[in-house]
2 protein chains.
Amino acid sequence: MRQLYHLPISPACRKVRLVLAEKNIEFELVEERDWERRREFLMMNPAGEVPVLVEEDGEPLSGATAITEYLEEISPEVKLLPEDPRARAEVRRLVDWFDRKFEAEVSGGLIFEKVMRRFLGAHEGGGAPEMSVVRVALHNLRYHLDYICYLMEERNWLAGDALTLADITAAAHISCLDYVGDVPWNQYQGAKDWYAKIKSRPSFRGLLADHLPGMPPPKLYANLDF
Amino acid sequence: MRQLYHLPISPACRKVRLVLAEKNIEFELVEERDWERRREFLMMNPAGEVPVLVEEDGEPLSGATAITEYLEEISPEVKLLPEDPRARAEVRRLVDWFDRKFEAEVSGGLIFEKVMRRFLGAHEGGGAPEMSVVRVALHNLRYHLDYICYLMEERNWLAGDALTLADITAAAHISCLDYVGDVPWNQYQGAKDWYAKIKSRPSFRGLLADHLPGMPPPKLYANLDF
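Everything numeric here is computed off the predicted structure, so don't read it as measured data.

1. Details of the relation of the copies chain B and chain A
Superposing chain B onto chain A takes a rotation of 180° combined with a translation of 0.0 Å along the rotation axis, leaving an RMSD of 0.0 Å. What we have between these two chains is a two-fold relation. When each C-alpha of chain B is compared by its distance to the rotation axis, arginine 100 of chain B comes out closest, at 4.3 Å.

2. Section: the domain arrangement of chain A
Residue and element names in this part refer to chain A. What the domain assignment reports for chain A is domain 1 (2-74) and domain 2 (85-202). Computed over C-alpha atoms only, the centres of domain 1 and domain 2 are separated by 20 Å. Residue-level contacts link 12 residues of domain 1 with 19 residues of domain 2. Buried area between domain 1 and domain 2, both sides added, is near 1,500 Å², and the carbon and sulfur share of it is 67%. At the boundary of domain 1 with domain 2, the tally comes to three salt bridges. As a salt-bridge pair, aspartate 99 and lysine 15 come within 2.6 Å of each other at their nearest N and O atoms. Linking domain 1 to domain 2 there are five residue pairs in polar contact (both at pLDDT 80 or more). Elements represented by at least two residues in the side of domain 1 that touches domain 2 include exactly helix H1 (11-22) and helix H3 (64-74). With six residues, H1 is the single largest residue contributor to the side of domain 1 that touches domain 2. Of the residues that constitute the side of domain 1 that touches domain 2, the class distribution is five nonpolar, two polar and five charged.

3. Remarks on the packing of helix H4 (residues 85-119) of chain A against helix H3 (residues 64-74) of chain B
For the pair H4 of chain A and H3 of chain B, the least separation of the axes is 9 Å and the interaxial angle reads 160°. The angle between the axes of H4 of chain A and H3 of chain B places the two elements in the roughly antiparallel class. Where H4 of chain A crosses over H3 of chain B, the two elements pack in a sense that is right-handed. Of the residues in H3 of chain B, those touching H4 of chain A at Pro85, Arg86, Arg88, Ala89, Arg92 and Arg93 of chain A are Ala66, Glu69, Tyr70, Glu73 and Ile74 of chain B. Across the contact of H4 of chain A with H3 of chain B, the residue classes tally to five nonpolar, no polar and six charged.

4. So, the interface of chain B and chain A
Contacts between the two partners involve 23 residues from chain B and, on the opposite side, 23 residues from chain A. Both sides of the chain B and chain A interface together cover about 2,300 Å² of buried area, and 56% of this is carbon and sulfur. Scanning the region where chain B abuts chain A turns up 12 salt bridges. The salt bridge involving arginine 86 of chain B is made with aspartate 57 of chain A; its shortest N-O contact spans 2.8 Å. There are 10 residue pairs in polar contact (both at pLDDT 80 or more) connecting chain B and chain A. Secondary-structure elements contributing two or more residues to the side of chain B that touches chain A are strand S4 (60-62), H3 and helix H4 (85-119) of chain B. In terms of residue count, the dominant contributor to the side of chain B that touches chain A is H4 of chain B (nine residues). In terms of residue class, the side of chain B that touches chain A is made up of 10 nonpolar, one polar and 12 charged.

How each quantity is defined
Residues numbered from 1 in each chain as written. Chains lettered and ligands numbered in written order. Predicted model: local features only at pLDDT ≥ 70, side-chain atom pairs only at ≥ 80, totals over all residues. Heavy atoms only, no water. Least-squares fit on C-alpha atoms with pLDDT ≥ 70 in both. Domains from an automatic or database assignment. Contact = heavy atoms within 4.5 Å. Buried area = accessible area lost by both parts, 1.4 Å probe. Salt bridge = Lys/Arg side-chain N within 4 Å of Asp/Glu carboxyl O. Polar contact = N/O pair within 3.5 Å; in protein donor to acceptor, adjacent residues only side chain to side chain. Helix = DSSP H or I, 4+ residues; strand = E, 2+ residues; numbered from the N terminus. Nonpolar A, V, L, I, M, F, W, Y, C, P; charged D, E, K, R; others polar. Axes fitted to C-alpha atoms, helices over the stretch in contact; angles between N-to-C directions. Parallel < 35°, antiparallel > 145°, perpendicular 65-115°, else oblique. Left-handed = near helix turned anticlockwise from the far one by under 90°.

Quick look at the structure:
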């Protein structure tokens, strides 16, 4: 069976998990604490980062963008990109928005401060969260929730009529923030309605079952009526 | 004619310029100082960043990844991605390596400190370069030049037998560093041979003609025998 080397509270890994599940591709999860720089893992991915998808013949594929585009190419029955080139560019614009802009302004800092620091040793940057970083990220989050509300005023899903990689990428990031209880859903109805719709899909079940040792999610994390 | 809103010393913009030129697509360059947050520009790209490609009918496409994948789809005569899905994943792994890892560890910091700070006002972060950032970036650059040498031991181009988006992405980043004279070419023969090969392509001519006011490139920047 395919194996996905991953970390649970990682937007890039969650994106790949959602794409695999939407496409009904079976896979096995293998947790990889990539900061430990295990030699066998570095030989699969010299960048030393999750996600890495190992195909049934043992070939490793690295990086969320490479893996998700690959899965779209080899498993086109369930489409996560539209056919029209300009519509595909709009999906990829939004994928980039969340993977680069949202990551830099919100999710990267929040996840490092509130999750990663618990697992790292003191000499690796472990310890208590730097609250100034958390505050800036939570401030920035509001602009992005506003943008989701704006997009959802005219669209069924973020990039248009159908669920695409744009929704999956956004949900992969936001679900990590939801795990630490940081999303002010009640002030952003359009974003909340969008997230309720994607959260209730069968592909989301694996994510909602995640449970970090010593750091359980808030009660509403797995609740479809949040 | 198509218009590309760009900045000269921007790896993302240079990548799009190289792809357009490799595919023999005519375009006009429009310089956009995106930090000024011009209203008409924000309406084209709410992320407020270059590159933005405006198609002949006026439709804007935003972001280097979305634009380059789009150009590959609408203009497949000159191919910059291979046909085989796994080979495409290898190209996209390397694209991500340079656009995310190299950007974070080398080019983002160097370009901001040595180029952007000259053009920003004091209240926007302008001023003299922070030399500690420059030193760390130059230190990190050596690992990446080593990695290019390693790849070139077994391959004609970074991702295999043919020129691909991986080479174009890497060259887009490294050419910006070369503009400020920061690449220790003579210690990395494999990387130098690779760069000499891509630098001598007709698609590179536009980049080699770039000249920032008040900040001319070093003599070897445009020299094919560097």
